[in-house]
Number of protein chains: 2
Amino acid sequence: MNINILNDLSYGMYIISTKYMNKNVGCFVNTVSQITSENPIISVSINKSNYTNEALNIGNKFAISILSEKTDSQLIGKFGFFSSKDTDKFDGIEYSEICGIPVVTNNICGYLICEVINIIDCETHNIVLARVIDGEKLTDNIPMTYKYYHEVIKGKVPKTAPTYKKEKVEVKNMGKYVCKICGYVYDNSKEEIKFEDLPDSWVCPLCGVPKNMFEKVEE
Amino acid sequence: MNINILNDLSYGMYIISTKYMNKNVGCFVNTVSQITSENPIISVSINKSNYTNEALNIGNKFAISILSEKTDSQLIGKFGFFSSKDTDKFDGIEYSEICGIPVVTNNICGYLICEVINIIDCETHNIVLARVIDGEKLTDNIPMTYKYYHEVIKGKVPKTAPTYKKEKVEVKNMGKYVCKICGYVYDNSKEEIKFEDLPDSWVCPLCGVPKNMFEKVEE
């Protein structure tokens, strides 16, 4: 058995959000599916340990923002690698209140407003079934897929291939630094500027935490 | 509310298959998601009116073939637009028997073998929860997405844009023909050969039925 074949399943990229205890809460998810076509029901699976999961009870409303290739990737880091329990993820984020729910709107394709109709216990996760009660298309942007996120955003391919090759030889094995929050790897051998020379104002391109949240990888 | 926003959800392309009443049965699905990571559980939703749905009871095993961009698109038509009740969909198809289950193998990325652990009733559809008990990666092909299928395969964009524009003017409104089985549209204004001039041996590029299964669209 090669468990890596699971990586070939295709997903989109979404932020689900709602109001909980008078706070705006939300998290990143990749498993949203339309289940029925008439009076549509969608499903979304969410880790039980996620704070937003507590807010998704039968009868409650939540939003799904459909991220596009133009959505700021730091937003994914913020919603994917922090907890709404102790962070206001909406601080500094472009969002609107729709039907009383905060909806992340930064370059998204559009959004759905859903009402929870059932919750299925599935070991570590819940599968939330919800009726779509509203939704709008906001842009013609291309929906971001999980594959695009991993290969294009996290992969960080240098822009100029010839330069890349030259530098690869010159600064090879000059060290790697990993973000303690989201796991993003800054590899000196693939960058134009060494990690040590980055300004203190530099932040993780994936989750947005400061440079001092990175630690050197021992090789 | 703009229901079209649901089209911006991202999916992969899969064929699920199993043995039922000593027959090989299967169908096309696009909603497969990994739910848990430890000892993984996946979910797949399937229309209750689908014959293959009858075969998916708790304890039963089935396969998921992960289609790639190189998978023959006629295979999608065959598994998507016919019923296993009265058609042997595996006739003439490249497949292997794995764990006693027929697995479609034509240029797929790989497959999963799953065992049904729960079935959730969701109006017109069932959500089948299943434990992954085996799986292999067969190729490094790019997984086919629903978007790719619609835009590249069904869209049938002509290869040479200048020719396309010229022909669009010359043969505009020359008629459209729609496949009665799968809904594929042959639009004379976008093709190099008019539908009427296609040889009788021509078949629907999507589901593989003969030319006489098309009917003219009145405009």
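Up top you'll find the structure we're talking about.
A brief look at the structure comes next. Note that the coordinates shown come from a computational prediction; the quantities given were computed from them, not determined experimentally.

The subject of this paragraph is the overall build of chain A. Across its full length, chain A holds four helices and twelve strands. Taken along its principal axes, the extent of the C-alpha atoms in chain A is 60 × 40 × 35 Å. Residues counted as buried form 49% of the 219 residues belonging to chain A. If you take every contact in chain A between residues at least 6 apart in sequence, the share linking residues at least 24 apart comes to 62%. In chain A, the 24 positive side-chain charges and the 28 negative ones have mean positions that sit 4 Å from each other.

A few words on the pairing of strand β5 (residues 61-66) of chain A. For a regular strand, side chains alternate in direction, first toward one face of the sheet and then toward the other. Residues and elements named next belong to chain A. Burial analysis of β5 places five of its six residues in the buried class, which makes it a mostly covered element. As judged from the four bridges shared by strand β1 (residues 14-20) and β5, these two strands associate in the antiparallel manner. For Ile15, the partnering residue across the bridge sits in β5 and is Ser65. Here six bridges tie β5 to strand β8 (residues 110-122), and the two strands are oriented antiparallel to one another. Within β8, the residue paired with Ile66 across the bridge is Gly110.

Time to look at the interface of chain B and chain A. Counting residues at the interface gives 45 residues for chain B, matched by 45 residues for chain A. Buried area between chain B and chain A, summed over both chains or domains, comes out near 4000 Å², and the portion from carbon and sulfur atoms is 66%. It is Met1(B), Ile5(B) and Asp8(B) that lose the most area in chain B upon contact with chain A, and together they represent 16% of the buried surface on that side. Where chain B meets chain A, there are four salt bridges. One salt bridge connects Glu123(B) with Arg131(A), and the closest N-O pair in it is separated by 2.7 Å.

Our next topic: the pattern of salt bridges. Oppositely charged side chains are able to pair whenever their charged atoms sit close together. Residues and elements named next belong to chain A. Scanning the model with the defined rule gives eleven salt bridges over all chains in all. Close ionic contact of Glu151 with Lys147 constitutes a salt bridge, the shortest N to O distance being 3.2 Å. Of this pair, Glu151 and Lys147 are both found in helix α3 (residues 146-154), four residues apart, which corresponds to roughly one turn of the helix. The class of Lys147 is partly exposed, set by a relative accessible area of 36%.

Moving on to the relation of the copies chain B and chain A. Here the second copy of the chain follows from the first by a rotation about an axis and a shift along it. Superposition record for chain B on chain A: RMSD 0.2 Å, screw rotation 179°, translation along axis 0.1 Å. The transformation just described matches what one would write down for a two-fold rotation axis. For chain B, the smallest separation between a C-alpha atom and the rotation axis is recorded for Tyr11(B), amounting to 2.9 Å. Of all interface residues in chain B, 100% are interface residues in chain A too; the two copies therefore contact each other through one and the same surface.

Each value, and the rule that gives it
- Residues numbered from 1 in each chain as written.
- Chains lettered and ligands numbered in written order.
- Predicted model: local features only at pLDDT ≥ 70, side-chain atom pairs only at ≥ 80, totals over all residues.
- Heavy atoms only, no water.
- Helix = DSSP H or I, 4+ residues; strand = E, 2+ residues; numbered from the N terminus.
- Buried < 20%, exposed > 50% of the residue type's maximum accessible area, 1.4 Å probe, protein only.
- Contact = heavy atoms within 4.5 Å.
- Lys, Arg positive; Asp, Glu negative; His and termini not counted.
- Charge placed at Lys NZ, Arg CZ, Asp CG, Glu CD.
- Pairing = 2+ DSSP bridges.
- Buried area = accessible area lost by both parts, 1.4 Å probe.
- Salt bridge = Lys/Arg side-chain N within 4 Å of Asp/Glu carboxyl O.
- Least-squares fit on C-alpha atoms with pLDDT ≥ 70 in both.

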